[in-house]
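# Architecture at a glance
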Amino acid sequence: MKRIQSYILVLASAILILNTSCSNMNKTQKGTVIGAGGGAVVGGAIGKAAGNTALGAIIGAAVGGTAGNVIGRKMDKQAEDIKKTVPSAKVERVGEGITVEFSNAVMFAFNSYALTPTANGTLNDLITVLNKYPDTNIEVQGHTDSTGTHEYNQTLSENRAHAASQYLRDHGIASSRITEKGYGETAPKYPNATAEGRAMNRRVEFVISANDQMKKEAQQESQGNQKTQ
C-alpha cells in the first residue's frame, strides 16, 4: 500500500509540475525538477495520461538535479539549431529533451508508409543537425487518428515509425541511437472530433534525449561546478 501511495504521490506531483511550471520556471529548471521525479515507469504513465508519449519518453530518460541543468542547456542549443535548419518542423523543448513533430501529410501519402520526396529532404535537414550532436538518442514515434480499426492504425503507425527510422539509419545515424514505436490511435494530442484535429494526430514525432555519454559528462561537469563554489 505504501508503494502504491508513493507512486501516486510522485505521479500527481509530476503532473502538477507540468501543469504549473510553464509560467514559473525556465526550460532548464523544469528539467531539474521533472528529472528528480522521473524514471521510465513514471514517465510512461504521465505520457499516457497526458496523451503525450513524447513527453513521457523525455521524463523517463531524465536524470534531474544539476546534471539535468547541464543537459538542458545543451538541448537548448540543439533545439535552436533544429528550428533554424528544419523550419517545417514543430520543435519543442521539454525538460531534458526535445520533441520534433512532423505531420504525416509532410512525411507520407494518404494511407501509405512510403516516404515522400518532401519527407526525404526534410529528414536530410534533420540528419544534418543530429550528426552535429552524436551524444543523443532518438525515439521515433508513429501516430494515427481514430479513423479505421485499432489493428490497422497500430500497424500503420509502426510501419511509418520504421520507415522514418530506417531512413535515419540508411543516412548515417547509428542504429544504437534509434528506437522506434508505433502508438496507433492510442495517444492523440489533438481532438479527433474535427478534421483538423485528426490531421494533426496523424503525425511522426522524433524524441531526442541524452545518451549515457552525455549524462556521464553532465554529471562530471555538475560535480566540478559544485567543488568550485
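Above this text is the structure in question.
Every chain's residues receive numbers from 1 upward, in the order its sequence appears when written. In keeping with the predicted nature of the model, local features appear solely for residues at pLDDT of at least 70, side-chain atom pairs appear and are counted solely at 80 or more, and the whole-chain, interface and lining totals rest on all residues. Side-chain measures here rest on the full set of heavy atoms in the structure, leaving out hydrogens and waters.

With that settled, the discussion passes to the packing of helix H5 (residues 65-85) against helix H7 (residues 117-132). Axis geometry follows a simple rule: fit a line to the C-alpha atoms, using only the stretch in contact for helices, then measure angles between N-to-C directions, giving values from 0 to 180 degrees. Put simply, DSSP marks the helices as runs of H or I at least four residues long and the strands as runs of E at least two long, and each gets a number from the N terminus on. Running from N to C, H5 and H7 cross one another at 155 degrees; their axes reach a closest spacing of 9 Å. Judged by the inter-axis angle, H5 sits roughly antiparallel to H7. Of the two elements, H5 crosses H7, and the hand of that crossing is right-handed. For the pair H5 and H7, contact is made by Gln78, Asp81, Ile82 and Thr85 and by Asp125, Leu126, Val129, Leu130 and Lys132, respectively. Any angle that is under 35 degrees is reported as roughly parallel, and any over 145 degrees as roughly antiparallel; angles of 65 to 115 degrees are reported as roughly perpendicular and all others as oblique. Each helix crossing is assigned a hand: it is left-handed if the near helix lies turned anticlockwise from the far helix by less than a right angle, otherwise right-handed if that turn is clockwise. By definition in these notes, contact holds between two residues if any of their heavy atoms fall within 4.5 Å.

The backbone of asparagine 111 shows a phi angle near 65 degrees, a positive value even though the residue is not glycine. You can see asparagine 111 is positioned in the loop between helix H6 (104-107) and H7. For every residue, the accessible area obtained with a 1.4 Å probe (protein chains only) is divided by the maximum for its type, and the residue is called buried under 20%, exposed over 50%, and partly exposed between those limits. Looking at asparagine 111, the relative accessible area reads 44%, which means it is partly exposed.

Let's shift gears to the packing of aromatic side chains. Each Phe, Tyr or Trp ring, with Trp reduced to its six-membered ring, pairs with another whose centre is within 6.5 Å; inter-plane angles below 30 degrees give stacked pairs, above 60 give edge-to-face pairs, and intermediate values give tilted ones. Enumeration over the complete set of coordinates arrives at 1 aromatic pair. On the numbers, 5.6 Å between centres and 85 degrees between planes, the contact of phenylalanine 102 with phenylalanine 206 is edge-to-face. Taken together, the positions of phenylalanine 102 in strand S2 (residues 97-103) and phenylalanine 206 in strand S5 (residues 203-210) put the pair 104 residues apart, joining distant regions of the chain. Residue phenylalanine 102 shares its accessibility class with phenylalanine 206, and that shared class is buried.

Here we come to the sheet that holds strand S4 (residues 178-182). Here we have 5 strands laid out as an open sheet, ordered S1-S2-S5-S3-S4, and mixed in their pairing. Two strands close off the open sheet at either side, each with one partner strand: strand S1 (90-94) and S4. Neighbour to neighbour, the strand axes of the sheet diverge by 20 degrees on average, direction disregarded. The rule for pairing is simple: two strands pair if DSSP sees at least two bridges between them. Relative to S2, S1 is paired through 5 bridges, and the arrangement is antiparallel. Residue glutamate 92 lies in a different strand from S2, and its bridge partner there is threonine 99. H5 rests against S1, S2, strand S3 (136-142) and S5 of the sheet, and its axis sits at about 175 degrees to S1. Strand contacts of H7: S2, S3 and S5, with the helix running at about 5 degrees to S5, the strand carrying the most contacts.

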